[in-house]
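Notes for the structure review
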Amino acid sequence: ALPTVNGSLPSFADLAAKFSPTVVNIKVTKIEPVAHEGSPFGEEFSFPGFGAPAPRGPERRQGAGSGFIIRKDGLIITNNHVVENAQQIAVTLSDKQEYQAKLVGRDPKTDLAIIKIDAKSDLPAAPLGNSAALRVGDWVMAVGNPFGLSNTVTAGIVSAKGRAIGSGPYDDYIQTDAPINPGNSGGPLFNAAGEVVGINTAIFSQSGGNVGIGFAVPINQAKALLPELESKGSVSRAWLGVSVQPMTAELARSLNVDKASGALVAEVNDKSPAEKAGIKRGDVIVAYDGKKVDESASLPALVASSAVGKTVPVEILRDGKSQTLNVTVTKLKEEAVALVGKHEKSNLGLSLRELRPQERSRMGVKDRDGVLIENVVPGSPAADAGVQRGDIILQVNKAKITSLKDYE
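Bear in mind the structure is a predicted one, so any value in this text is a computation, not a measurement.

The next subject is the pairing of strand β7 (residues 139-144). Burial of β7 is extensive: five of the six residues sit out of reach of the surface. Alignment of β7 against strand β8 (residues 152-163), held across six bridges, turns out to be antiparallel. Residue pairing across strands places Gly144 opposite Thr152, the latter belonging to β8. Of the pairings in the sheet, the one linking β7 to strand β10 (residues 188-191) comprises three bridges and is antiparallel in character. Pairing of Val140 across the sheet is with Asn191, part of β10.

Moving on, we come to the nonpolar core. By size, the foremost hydrophobic cluster in this structure holds 26 residues, and its most contacted members are Phe68, Ile77, Met141, Phe190 and Ile199. Broken down by secondary-structure element, the contributors of at least two residues to this core are α1 (13-19), β2 (59-71), β3 (75-79), β6 (112-116), β7, β11 (196-203), β12 (214-218) and α3 (219-232). In terms of residue count, α3 provides more of this core than any other element does, five residues in total. Beyond its immediate sequence surroundings of up to four residues, Met141 is in contact with Phe12, Leu15, Ala16, Val153, Thr154, Ala155, Pro188, Leu189 and Phe190. Leu240, Val268, Ala274 and Val312 belong to the second-largest nonpolar core, a separate cluster that totals 21 residues.

Turning next to the packing of aromatic side chains. The tally for this structure, following the rule as stated, stands at three aromatic pairs. Relative to Trp139, the ring of Phe12 lies with its centre 6.0 Å away and its plane at 65°, an arrangement referred to as edge-to-face. In this pair, Phe12 sits in the segment before α1 while Trp139 sits in strand β7, placing the two residues 127 residues apart along the sequence. For Phe12, a relative accessible area of 11% corresponds to the buried category.

Before going further, it helps to examine the sheet that holds strand β9 (residues 173-176). Taking strand neighbours around the barrel as the criterion, the six strands line up as β7-β8-β9-β12-β11-β10 in a closed arrangement whose pairing is antiparallel. Taken pair by pair, the neighbouring strands of this sheet meet at an average axis angle of 45°, ignoring direction. Note: β10 against β11, three bridges, orientation antiparallel. Residue pairing in the sheet places Leu189 in a bridge with Gly198 of β11. Taken strand by strand, α3 contacts β11 and β12, and its axis lies near 40° from that of β12.

Here Thr154 is to be found in strand β8. According to the relative accessible area criterion, Thr154 is buried, its value standing at 17%. One polar contact links the side chain of Thr154 to the main-chain carbonyl oxygen of Pro179, over a distance of 2.8 Å. Beyond its immediate chain neighbours, meaning those up to four positions away, Thr154 contacts Val140, Met141, Ala142, Ala178 and Pro179.

We now examine the confidence of the model for the protein chain. Model confidence for the protein chain is summarised by a mean pLDDT of 83, while 84% of its residues fall at 70 or above. Here residues 36-52 is a poorly scored stretch, pLDDT under 50, and it has twelve contacts once near neighbours within four places are set aside; other chains count.

Relative to the helices and strands, Thr78 is located in strand β3. A polar atom in the side chain of Thr78 sits 2.7 Å from the backbone oxygen of Ser66. Contact partners of Thr78, with chain neighbours within four places excluded, come to Ile26, Ser66, Gly67, Val83, Asp111, Leu112, Ala113, Ser185 and Gly186.

Bringing the pattern of salt bridges into the picture now. Considering all chains together, one arrives at twelve salt bridges under this definition. A single network of salt bridges, built from pairs that share partners, joins Arg71, Asp73 and Glu230.

Right, let's talk about unusual backbone geometry for a bit. In this structure, Phe147 takes a positive phi of about 55° despite not being glycine. One can find Phe147 in the loop between β7 and β8. The class for Phe147 is exposed, based on a relative accessible area of 56%. Positive phi, close to 55°, is recorded for Asp319, a residue that is not glycine. Note that Asp319 resides in the loop between β18 (311-318) and β19 (321-328).

An ideal rise of 1.5 Å per residue puts 20 Å on 14 residues; α3 measures up with 20 Å between its terminal C-alpha atoms. The largest bend in α3 amounts to roughly 40° and is located at Leu225, with the proline Pro227 lying one to four residues further along. Buried within α3 are the following residues: Ile219, Gln221, Ala222, Leu225, Leu226, Glu228 and Leu229. Positive backbone phi, at 85°, marks Gly233, one or two positions downstream of α3.

What counts, and where the lines are drawn
- Residues numbered from 1 in each chain as written.
- Predicted model: local features only at pLDDT ≥ 70, side-chain atom pairs only at ≥ 80, totals over all residues.
- Heavy atoms only, no water.
- Buried < 20%, exposed > 50% of the residue type's maximum accessible area, 1.4 Å probe, protein only.
- Helix = DSSP H or I, 4+ residues; strand = E, 2+ residues; numbered from the N terminus.
- Pairing = 2+ DSSP bridges.
- Core = buried A, V, L, I, M, F, W, Y, C linked by side-chain atoms within 4.5 Å.
- Contact = heavy atoms within 4.5 Å.
- Phe/Tyr/Trp six-rings, centres within 6.5 Å; stacked < 30°, edge-to-face > 60°.
- Axes fitted to C-alpha atoms, helices over the stretch in contact; angles between N-to-C directions.
- Polar contact = N/O pair within 3.5 Å; in protein donor to acceptor, adjacent residues only side chain to side chain.
- pLDDT = per-residue confidence, 0-100.
- Salt bridge = Lys/Arg side-chain N within 4 Å of Asp/Glu carboxyl O.
- Expected span 1.5 Å × (residues − 1).
- Bend = angle between axes of the 7 residues up to and from the residue.

Following this line, the structure appears as structure tokens:
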């Protein structure tokens, strides 16, 4: 437990003195492409008489962040966004020694990266803790280099766990009110025992500064990926082949499900492990490999943690009845995510049209499948339900939609 000052608030002085030397300052030189200047609407839009905007070449830019030593030979954890596209990575230790680092491995999906320096002697390493043991309300300490101010220590509590902030498919952040600012990215979040329980990664702020809401990647997530990141430089994940969405009370009633939990299958990929096992659109996945799926956001991480080629039991609800299907997951292929004539208004407050062939190809939609939502009327039933412009309607009340006529 942390010592207290005059029997009241805890003191982080001993922890800061002991573990600040494990935190490093990272400066990177990046070569980044620069967008064309001219039209504010992007490259797809041009106007007569204006001509094409003059192209600009890539620019050399400087960036900075934090990291922490996890092994005495100089292995360092940081964020992927700190070192992504870096041509040079410079690491400065707490004693002002500077080294050039090499990138060992990175994983954009969890925003993790590991780099390595060849130090002159053994370095102090931060002990890695167990983020699963954290409780909301526990004291935590963040160390980093906010705004370039080296070895800055801040403290606060765990505000929440399991936060999804829309940064990727495997969001599972620790939320903390320990002040985190630009430059803290990649630095450690310590618990009261002096163990790293998270990697400070993001802030929620409209001003760019700290407003009391910061997010850290749980260290358990990083520990699971470290061996493969170091040996292969990247991470191989298992693939189920479904797109899922959250369950709501309305969906639960329409699907004859007792409660609004689980992951509703919105789409099943062609020739995917899920399709081969018999999973269908409209099924509700409630357990994966013996682990309960309470929310749709928890399913991607469960699938990703499976060994490629493993056959796992997947429990689903179909028409209100439970059944278990055995799925042999395959390796996830890294693919670019696509962006999502006649207009019709629906009584739900939607403006719809059929998809063009080039849109189907770009968006990965099957032939004769779905209609595109061009607009949603504010305050309409569709808007209240969370439907958005750019969504594609694939089913209505379990009936497949291939055209506007099907929808009507």
